[in-house]
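A closer look at the structure
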Amino acid sequence: MDIDIWAEALLKEVCEKWETPGYRYAFKDCGFRVFYSPVHLSPELMLIGYNPGKDDKPFSKEEDSEIPEVHEYLYHDSRIAKKMKYLFESIEREDWLADSVKLNLLFFGSEDDTQWENMDRNLRDELEIFC
């Protein structure tokens, strides 16, 4: 299967799950994020975040339902993007960051880890298994 077809299908499935009326939780407006970079098969480095948080760019259903064309850490000024750029520059391996694939373990956003952990246990378990 072509990796772009797989990634687009995953994004569509995540969006549909997020839009499902049965999955209502207090912080649903935090949205979802899956990919922060272009997706390619067998990357040498994969960066896996926990879940989209308040440090991310604001949620946009249209943008976040598409595979990014460039790695967000290379052009975004969030705290984590700055730290990642500094880390890879300090070891003179900016190419590793540029060629990495960045995604989240949990696709659905929350303000912080505590908010995610305090949601309804059954719903949280179901969403975590889905991710």
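Structural data are supplied above this passage.
Residues numbered from 1 in each chain as written. Predicted model: local features only at pLDDT ≥ 70, side-chain atom pairs only at ≥ 80, totals over all residues. Heavy atoms only, no water.

Re the pairing of strand β1 (residues 46-49)
Selection criterion: Note on classification: 1.4 Å probe, protein chains only; a residue is buried when its accessible area is under 20% of the maximum for its type, exposed when over 50%, partly exposed between these limits. Helix numbers and strand numbers start at the N terminus; a helix is a DSSP run of H or I with at least 4 residues, a strand a run of E with at least 2. We treat two strands as partners when DSSP finds at least two bridges between them.
Of the two faces of β1, the one holding L47 and G49 is buried and the one holding M46 and I48 is not buried anywhere. Direction of pairing for β1 relative to strand β2 (residues 101-104): parallel, over a ladder of 4 bridges. Residue pairing across strands places L47 opposite K102, the latter belonging to β2.

Description of unusual backbone geometry
One can expect most non-glycine residues to show negative phi and most peptide bonds to be in trans. Located in the positive-phi region is S42, a residue other than glycine, with phi close to 50 degrees. By secondary structure assignment, the location of S42 is in the loop between α1 (3-19) and β1. In this structure, E92 is a non-glycine residue whose phi angle is positive, near 55 degrees. Turning to its location among the elements, E92 is positioned in the loop between α4 (79-90) and α5 (94-99). Under the relative-accessibility criterion, E92 is labelled exposed at 66%.

A short note on the nonpolar core
The test is simple: Nonpolar cores are built from buried Ala, Val, Leu, Ile, Met, Phe, Trp, Tyr and Cys residues. Side-chain atoms within 4.5 Å join them into one set. Residues are treated as being in contact if the distance between any of their heavy atoms lies within 4.5 Å.
Counting residues in each nonpolar core, the largest one holds 23 residues, and the members touching the most others are Y25, F35, F108 and L127. Those elements that place two or more of their residues in this core are α1, β2 and α7 (121-130). Not counting residues up to four positions away in its chain, the partners in contact with F35 are W6, A7, L10, L11, P68, K102 and L103. Counting 6 residues, the second largest nonpolar core, distinct from the first, contains Y73, A81, M84 and F88.

Brief notes about a nonpolar patch on the surface
Rule in force here: Patch rule: a residue counts if its relative accessible area is over 30% and it has no salt bridge; like charges are joined within 9 Å, and nonpolar side chains (Val, Leu, Ile, Met, Phe, Trp, Tyr) within 5 Å. In this description, accessible areas are obtained by the Shrake-Rupley approach with a 1.4 Å probe, and a residue is regarded as covered only by the protein chains that are shown. In the sections that follow, a salt bridge refers to a side-chain nitrogen of Lys or Arg positioned within 4 Å of a carboxyl oxygen of Asp or Glu.
Together, M46, I48, Y50 and L105 make up a nonpolar patch on the protein surface, roughly 370 Å² of accessible area in all. Looking at the element boundaries, Y50 is found in the loop between β1 and α2 (61-64). Looking at Y50, the relative accessible area reads 30%, which means it is partly exposed.

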